[in-house]
Amino acid sequence: MKFSMRGFKEKLYRNVLSILAFSSLFFLGSIVLVLFKEGLPIFKKVNFFEFVWGRFWYPTYEPPEFGILPLLLASFQVTLGAMFVCVPLGIGSALYLNEIASFKQRKIMKSLVEILAMIPSIIYGFFGIAILVPFLQNLLNLPTGLCAFSASLVLGIMATPTVCSISEDALSYVPRSFKEASFALGANRWQTLVKVVIPAAGSGISSAVILGMSRVVGETMVVLMLAGGAAVIPKTFFEPVRPMTAAIAAEMGEVAMGSDHYHALFAIAIILFFITFVFNVIAESISRKYRLKLGLGQ
Amino acid sequence: MKKEFSQKIGFSFISLCMFLTVLFLFSIIFFIVVNGIRVISWEFLTQMPKEAMTAGGIAPAIVGTFYLTLGSIIFSLPLGIACAIYLCEYSPKSYVVNIIRFSINNLAGVPSVVFGLFGLTIFVKYLGFGVSILSGSLTLAILVLPLIISASNEAILAVPQSLREASLSLGATKWQTIKKVVLPTALPGILTGIILSIGRTAGETAPILFTAAVFYLKGYPKSIFSEVMALPYHIYALMTEGLYPDKQVKIAFGCALILLFLVLLFSSVAIYLRNKHKNIYGYGN
């Protein structure tokens, strides 16, 4: 009797757990459904090509124009700018941690990089708007400090820890024997680093860069506060722009539920979702292949 | 000779990169602490805002952030841990489980503003919770769910198989093994994940823009269906709205210092816990 009671309890726990597990998956899956349900109706009004390739974003004009090319290009621009900051800084720091830092120094520096990663994006945005923007405006003599350049710079600083930690992981997976073989052939530390370690960790490092990009594309508060907000096709780095995330955050509060503008903002979110999804999938498949190549399993 | 020279240049370049990264961290902390400390006082922490946000305290924003964080953890914790236990211990190693893992990993990378849109549609409008603590907490809960699942997942997978086998061979059932052996062993890892999620939730702004936060409230929120002030949103609003930017920026520095302090406190506890319990069994990270 007691034994069957035990069996019953086991089954009960198993089922409760599976229900909880699947309900969390249900939540996560419903995000995609909601995005499509609320976003697709805009394509009855504007065809997909006009939406993505349209040069004018005037959602509140009469008649409204829903062309997100300025927003797409702005997102592309600030992401590119941020990459110029976070790729050298992130990979350089990872190389430093892996090659130069002593054991103790490495431990401290890694914690510092991690802390940098945990600072909320609103703090970066605030730091940008309160300290960096006035500083840059004076330094470079700009008409406005709220521009793609400031946003890129802050986004780049923000993505540096992501690139650094993941690259550092990849570098630390490179087997010691690779390095020893290179030293035995008479190469010095820098040659070994450039010719042996970096190529061996190359795919891990590239997946770090892609994840950094994905973080930058989806970042909202920094671009909302720093990019300036003008929905025009960007020409230089020193004029205000409005990336996709900033458009969603700035305009969602004012639109009427169910209006064309509302659906258009959800359609932007679909595109954003799709871009980050593709980045993450690429990064994951690269790093899986890499781990298999070095014989580390899944 | 040439190769020594290139090594020197290369090493100085990567040292410079490390230096700049750390410099950025310290300059952010430095500027916020130096400017923020001037406005921090007991009144600042415990009183209501006064004179159109240009004076007084930020107590309702601190309380609001506390409610939102607490609410989101209440929702996401049981779901997340249950999901991790199920995936690691019960689910058969099948194609479906791989898809599930894959989608959880990818949802962790979805931009937070997208979660905000989801919360707006489902919680605020469809379920009719309105702009409220409840809607905001639920939105934040879904945002951190993938983080909690993957942290718990990792912690549970790092428990050596031999411990489970030892317990099962003593006649314990699967659930008893999970409860008495697996979970206690994985606890530090799970805890680290939870603390990190708390830090993340406290600082998130985009998801609560349309689901919970307002710039000004008379008094404290009365129920879970009330609108709420929150520290991160308050910083944003002080910098972009209102009529007295010069006075508001001082208050914003104060808010930023409090938020930074809270988040760094949580993160350093998490880092400490993890380093202390790392490799307790000699393998796993």
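Reading the values: rules and limits
Residues numbered from 1 in each chain as written. Chains lettered and ligands numbered in written order. Predicted model: local features only at pLDDT ≥ 70, side-chain atom pairs only at ≥ 80, totals over all residues. Heavy atoms only, no water. Helix = DSSP H or I, 4+ residues; strand = E, 2+ residues; numbered from the N terminus. Expected span 1.5 Å × (residues − 1). Bend = angle between axes of the 7 residues up to and from the residue. Salt bridge = Lys/Arg side-chain N within 4 Å of Asp/Glu carboxyl O. Domains from an automatic or database assignment. Buried area = accessible area lost by both parts, 1.4 Å probe. Buried < 20%, exposed > 50% of the residue type's maximum accessible area, 1.4 Å probe, protein only. Contact = heavy atoms within 4.5 Å. Axes fitted to C-alpha atoms, helices over the stretch in contact; angles between N-to-C directions. Parallel < 35°, antiparallel > 145°, perpendicular 65-115°, else oblique. Left-handed = near helix turned anticlockwise from the far one by under 90°. Nonpolar A, V, L, I, M, F, W, Y, C, P; charged D, E, K, R; others polar. Core = buried A, V, L, I, M, F, W, Y, C linked by side-chain atoms within 4.5 Å. 1 Å grid on protein atoms, 1.4 Å probe; cavity = no way out; pocket = protein on both sides within 12 Å on 5 of 7 lines; lining within 4 Å. Points joined across faces, edges and corners; volume = space filled by probe spheres on them. Polar contact = N/O pair within 3.5 Å; in protein donor to acceptor, adjacent residues only side chain to side chain. Patch = residues over 30% accessible without salt bridge, like charges linked within 9 Å, V, L, I, M, F, W, Y side chains within 5 Å. Areas by Shrake-Rupley, 256 points an atom, 1.4 Å probe, with all protein chains shown as cover. Phe/Tyr/Trp six-rings, centres within 6.5 Å; stacked < 30°, edge-to-face > 60°. Lys NZ or Arg CZ within 6 Å of the ring centre and 35° of its normal.

Chemist: Teacher, can you tell me more about helix α9 (residues 189-218) of chain A here?
Modeler: Working note: α-helix, 3.6 residues per turn, so residues spaced by three or four point in the same direction. A rise of 1.5 Å per residue sets the reference length of α9 of chain A, with its 30 residues, at 44 Å; its end C-alpha atoms lie only 38 Å apart and thus fall more than 12% short of the reference. A bend of about 60° at G202 of chain A is the largest found in α9 of chain A.

Chemist: Is there a simple way to think about the pattern of salt bridges in this case?
Modeler: Two side chains bearing opposite charge may form a pair once their charged atoms approach each other closely. All names here are of chain A. Following the criterion strictly, the structure yields 11 salt bridges over all chains and no others. As a salt-bridge pair, R288 and E284 come within 3.5 Å of each other at their nearest N and O atoms. Residue R288 and its partner E284 are both found in helix α12 (residues 260-293); the two are separated by 4 residues, about one turn of the helix. Via salt bridges that share partners, E99, K179 and R189 belong to a single interconnected network.

Chemist: Is there a simple way to think about the domain arrangement of chain A in this case?
Modeler: One widely used convention gives an interface's size as the accessible area the parts lose upon coming together. Residue and element names in this part refer to chain A. Domain boundaries assigned for chain A yield domain 1 (2-39) and domain 2 (50-293). In this structure, domain 1 and domain 2 have C-alpha centres spaced 35 Å apart. With both chains or domains summed, domain 1 and domain 2 bury close to 640 Å², and 77% of this area falls on carbon and sulfur atoms. The largest share of the area that domain 1 buries against domain 2 comes from L35, E38 and G39, three residues that together contribute 74% of it. On inspection of domain 1 and its partner domain 2, the count reaches 0 salt bridges.

Chemist: Help me out: how do you make sense of helix α10 (residues 231-240) of chain B in this one?
Modeler: In terms of residue burial, α10 of chain B counts as a mostly covered element, since 9 of its 10 residues are buried. Considering only its buried residues, α10 of chain B is in contact with α6 (121-140) and α10 (221-226) of chain A together with α3 (59-90), α8 (174-203), α9 (206-209) and α11 (245-277) of chain B. Backbone geometry just downstream of α10 of chain B places G242 of chain B in the positive-phi region, at approximately 85°.

Chemist: Looking at this model, I keep getting lost on the side chain of E38 of chain A. Mind explaining?
Modeler: Residue position: E38 of chain A is located in helix α1 (residues 2-39). If we ignore the near neighbours within four places in the chain, the residues touching E38 of chain A are Y262, H263 and F266 of chain A together with T121 of chain B.

Chemist: What's the story with the packing of helix α5 (residues 103-118) of chain A against helix α1 (residues 2-36) of chain B in this structure? I'm lost.
Modeler: Describing two packed helices takes the angle between their axes plus the distance from one axis to the other. α1 of chain B packs onto α5 of chain A with a crossing angle of 50° between their chain directions and a minimal axis gap of 10 Å. Taken together, α5 of chain A and α1 of chain B sit at an angle that is classed as oblique. Every pair of crossing elements has a handedness; the one defined by α5 of chain A and α1 of chain B is left-handed. Contact residues: M109, L112, V113, I115 and L116 of chain A in α5 of chain A; M18, T21, V22, L25 and F26 of chain B in α1 of chain B. Among the residues making up the contact of α5 of chain A with α1 of chain B, the classes are represented as 9 nonpolar, 1 polar and no charged.

Chemist: Looking at this structure, how should I read the nonpolar core?
Modeler: Taken as a class, soluble globular proteins show a tendency for nonpolar side chains to be buried jointly. Residues and elements named next belong to chain A. Ranked by size, the top nonpolar core spans 182 residues in total, and within it F51, I119, I123, Y124, F126, M252 and I268 carry the most contacts. A total of 14 residues in this core trace back to one element, the largest contributor, which is α12. Mapped onto the domain boundaries, this core takes at least three residues apiece from domain 1 (2-39) and domain 2 (50-293). Aside from chain neighbours lying at most four places away, what touches I268 is F51, W57, I68, L71, M244 and I248.

Chemist: Looking at this structure, I do not really get empty space enclosed by the protein. What am I missing?
Modeler: Sizing a probe to match a water molecule and rolling it over the atoms shows the empty space that remains. Residues and elements named next belong to chain B. Taken as a whole and judged by the stated rule, the model has 1 cavity of 30 Å³ or more. Looking at the largest cavity, its volume works out to about 40 Å³. Lining the largest cavity we find T65, L68, T69, L140, T201, A202, E204, I208, A230 and P232. Among the elements of the structure, α3 and α8 are those that each provide at least two residues to the lining of the largest cavity. Looking at the lining of the largest cavity, its residues break down into 6 nonpolar, 3 polar and 1 charged.

Chemist: Sorry, what's going on with the interface of chain A and chain B here?
Modeler: In this assembly, 78 residues from chain A lie in contact with 79 residues from chain B. Both faces considered, chain A and chain B share a buried interface measuring about 7200 Å² in area, 81% of it formed by carbon and sulfur atoms. Counting the contacts that link chain A with chain B gives 9 residue pairs in polar contact (both at pLDDT 80 or more). Take the side of chain A that touches chain B: its biggest share by element is 19 residues, from α1 of chain A.

Chemist: Quick question: what am I supposed to make of a nonpolar patch on the surface here?
Modeler: On the surface, a nonpolar cluster with roughly 380 Å² of combined accessible area is contributed by M5, F8, L12 and V16 of chain A. Note on placement: F8 of chain A falls in helix α1.

Chemist: What's the story with the packing of aromatic side chains in this structure? I'm lost.
Modeler: Any two aromatic rings considered together are summarised by their centre-to-centre distance and by the angle between their planes. Under the definition given, this model contains 19 aromatic pairs over all chains. An aromatic cluster is defined as three or more aromatic residues linked by ring pairs; in this entry it consists of F43, F48 and F51 of chain A. Residue placement shows K174 of chain B over the ring face of Y90 of chain B; its charged tip is 5.7 Å from the ring centre.

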